[in-house]
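The lines below spell out each chain.
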Amino acid sequence: MIIATDLDRTLLPNGYEEYGHNLPLFFQLIRKNKLTLVYATGRNWKLFQEAKKIFKIEDPDYFIGEVGTVLYEKSPKKSFFQLKNKLVISQEWQKYLKNKAKNWNAEKLKKRFQIIKELKLQEKDKQNTYKLSYYLSDTTNQSKILTKIKTLAQEETIKINLISSWDPLKKVRLIDILPATVTKTTALEFIRRKKHLSKEEVVYCGDSGNDIAALTIGYKSILVKNAREEIKKKVLKINQDLGRSKNLYIAKGVGKWNGYYVAGILEGLKHFKII
Ligand SMILES: [Mg+2]
């Protein structure tokens, strides 16, 4: 069984809601139940290392970074004396990506998007070959701007995947533009097929816009309580329309678990009888 989770404000308690100090229990239960742990995040490798230090989270078996544009996996042990398997870039995934996103051209798109004044490029280390990341400085015309982005990409005949999410700490809207064929879910599907598992054998935990695809694809899905209402409604509606309401669990806070962040994940795993 795979337990895949978003990091910020899902596994990591970096929001305004109260943290119930359940991370140690989570890792203990992952190990005890021999679950395959996957992180699926917008963070890059460097920001993941920072999160590890600050929140004392353990290494996963797979790390899907930068919204699905990079994948790390645990390398096989090289010798008896090597204690831990190290996470290394998956070359297989890099090849797969290259093939899947043949039409992608970040430079071309970046140039075209310059005419949208409300888009401000994020820091250099937030960009990569397969991802353009922006801050949306003015959200009053948000839907118009998103349409404009899509139109400009269309004019370049580049199919894009547009992810808009809200950073409640920086209080800013984030826009990620990736090849249409690449999401956190694409990478997770790649792992799932590699392990010959069904969708029912994957649990995905998330809280925001870039988790919606994974929360509605047919995995067992957990939304933590601190997710925004609009996300809860949207994910619930899609799952209902697809006749998959049973696959979704929205944490409410039960007993000693308050439903926020990792407590919400634990509540969901209990609901699905995985722990
Ligand atoms: Mg998140």
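## Description of the overall build of the protein
- Regarding its fold elements, the protein presents 9 helices and 12 strands.
- Against the 2.2 N^0.38 benchmark of 19 Å for 275 residues, the protein shows a C-alpha radius of gyration of 19 Å, consistent with a compact globule.
- A principal-axis box enclosing the C-alpha atoms of the protein has dimensions of 55 × 45 × 35 Å.
- Here the protein holds 275 residues, and the buried ones make up 40% of them.
- In the protein, once contacts between residues fewer than 6 apart in sequence are set aside, the share between residues at least 24 apart is 62%.

## What about the environment of Lys46?
- Within the element layout of this structure, Lys46 appears in helix α2 (residues 45-55).
- Using a count of 10 C-beta atoms within 10 Å as the deciding quantity, one classes Lys46 as exposed.
- Between the alpha carbons of Lys46 and Asp125 there is a distance of 9.0 Å; along the sequence they are 79 residues apart.

## Section: the pairing of strand β1 (residues 2-5)
- Here β1 shows a buried face lined by Ile2 and Ala4 and a second buried face lined by Ile3 and Thr5.
- Pairing between β1 and strand β2 (residues 36-40): 4 bridges, direction parallel. When the sheet's bridge partners are listed, Thr5 is paired in β2 with Tyr39.
- Taking the sense of rotation as the criterion, the β-α-β connection linking β1, helix α1 (residues 23-32) and β2 turns out right-handed.
- Strand direction decides the pairing type here: β1 and strand β10 (residues 202-206), joined by 4 bridges, are parallel. When the bridges of β10 are listed, Thr5 appears paired with Cys205.

Parameters and conventions
- Every residue gets a number counted from 1 within its own chain, in the order that chain's sequence is written.
- A pLDDT threshold of at least 70 governs which residues receive local features in this predicted model, and a stricter bar of 80 or more applies before side-chain atom pairs are shown or counted, although totals over entire chains, interfaces and linings include all residues.
- Per the convention used, a helix needs a DSSP run of H or I reaching at least four residues, while a strand needs a run of E reaching at least two, with both numbered from the N terminus.
- Note that the radius of gyration is over C-alpha atoms, with the globule rule given as 2.2 Å times the number of residues to the power 0.38.
- Burial in this document is a count-based property: other C-beta atoms within 10 Å of a residue's C-beta are tallied, and the residue is buried at 20 or more, exposed at 12 or fewer, or partly exposed in between, with C-beta positions derived from the backbone.
- The contact rule is simple: place each C-beta atom from the backbone, and if two of them lie within 7 Å, those residues are in contact.
- Being paired, for any two strands, means DSSP has found at least two bridges between them.
- Handedness of a crossover: with both strands directed away from the viewer, a clockwise path from the first strand across the helix to the second marks it as right-handed.

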